[in-house]
Amino acid sequence: MDTTSKEILFSREVIQKRVGELAAQISKDYAGRELILIGVLKGAFIFMADLIREISIPCRVDFARLASYGAGSESSGKVVMTKDIETSIKDKDILIVEDILDTGLTMQYFVDWLRERNPKSLKVCVFLDKRKRRKVTLEADYVGFAMEDGFVVGYGLDFNERYRFSPDIYVIKQ
Ligand code: IMP
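Residues numbered from 1 in each chain as written. Predicted model: local features only at pLDDT ≥ 70, side-chain atom pairs only at ≥ 80, totals over all residues. Heavy atoms only, no water.

Participant: Can you break down the nonpolar core residue by residue, with the values?
Facilitator: Counting residues in hydrophobic clusters, the biggest one holds 28 residues, and the most contacted among them are Ile26, Phe47, Leu51, Phe127 and Leu128. Elements supplying a minimum of two residues to this core: helix H1 (12-29), strand E2 (35-41), helix H2 (45-54), strand E5 (93-101), strand E6 (121-129), strand E7 (142-146) and strand E9 (169-172). Discounting residues that sit within four places of it in the chain, Phe47 has contacts with Val19, Leu22, Val97, Glu98, Cys125, Val126, Phe127 and Tyr155. Membership of the second largest hydrophobic core comes to 22 residues, among which are Val40, Met81, Leu101 and Phe110. (Core = buried A, V, L, I, M, F, W, Y, C linked by side-chain atoms within 4.5 Å. Buried < 20%, exposed > 50% of the residue type's maximum accessible area, 1.4 Å probe, protein only. Helix = DSSP H or I, 4+ residues; strand = E, 2+ residues; numbered from the N terminus. Contact = heavy atoms within 4.5 Å.)

Participant: Can you lay out the pattern of salt bridges for me, pointing to particular residues and giving the numbers?
Facilitator: Within this structure, the stated rule accounts for 20 salt bridges. For the salt bridge of Arg12 with Asp168, the shortest nitrogen-to-oxygen distance reads 2.8 Å. Of this pair, Arg12 sits in helix H1 while Asp168 sits in the loop between strand E8 (151-153) and E9, and the two are 156 residues apart along the sequence. On the basis of relative accessibility, which here comes to 6%, the residue Asp168 falls in the buried class. Residues Asp129 and Arg131 are paired through a salt bridge, measuring 2.9 Å at the closest nitrogen-oxygen approach. Within this structure, Lys42, Asp158, Glu161 and Arg164 form a network of salt bridges that share partners. (Salt bridge = Lys/Arg side-chain N within 4 Å of Asp/Glu carboxyl O.)

Structure (C-alpha cells):
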C-alpha cells in the first residue's frame, strides 16, 4: 500500500477536543463512584491513555487482548481472547474502552464474557463507530465519532500492524 494514498479524517486537534468531551461526560456520569476502565488491546491503547488523563474521578485500569481480524482489513468473524483481564470486576462499575466498533462481533463477545463475571454495571466507550456495518444489536454508550464505511488507521488503529503511531486518523485507499 502506498502511504500517500491516505487522507486525513480526524486531526489530532479534533481528536483531543472530542476525547476531552467524552472524559467530561464520563466523569460526570460516574461522579462519586469508583470506575474500572478496561482497554481492548492493541487498538485502544492510545485512546485509553488520553482518556484516563482527562477523566477527573479516581479510576483503575486493566486490559484484555482480543483479535478478530486476520491480516488485512476484513474481519474473520471469529473472536479470540489472547489476554484476559487481571482484575476482579464483580460488583464493580466497568467501562470498556475500545478503538472502533465495526460489525460489533468483537465487542459482543467481550461484553458477554465480562457479564458472566457479574459487574455492578457495564458500559462501552468507543472512539469510532461504523454503525452501518453492525451485525449485532449492540450499541456503545459513549461514542467519539460516528463514521461511514471505510478503513481508518492512526491513533492506535492499524493496517497489518502499520500506522498505529500516527497522531491523526486517516482513511486509507486500498
Ligand atoms: P468488529 O468485531 O467487526 O466490530 O471489529 C472490531 C475490531 O476490528 C476493532 O477493534 C479494530 O481492531 C478492527 N477494525 C475495524 N475497523 C477498523 C478500521 O477501519 N481500521 C482499523 N481497525 C479496524
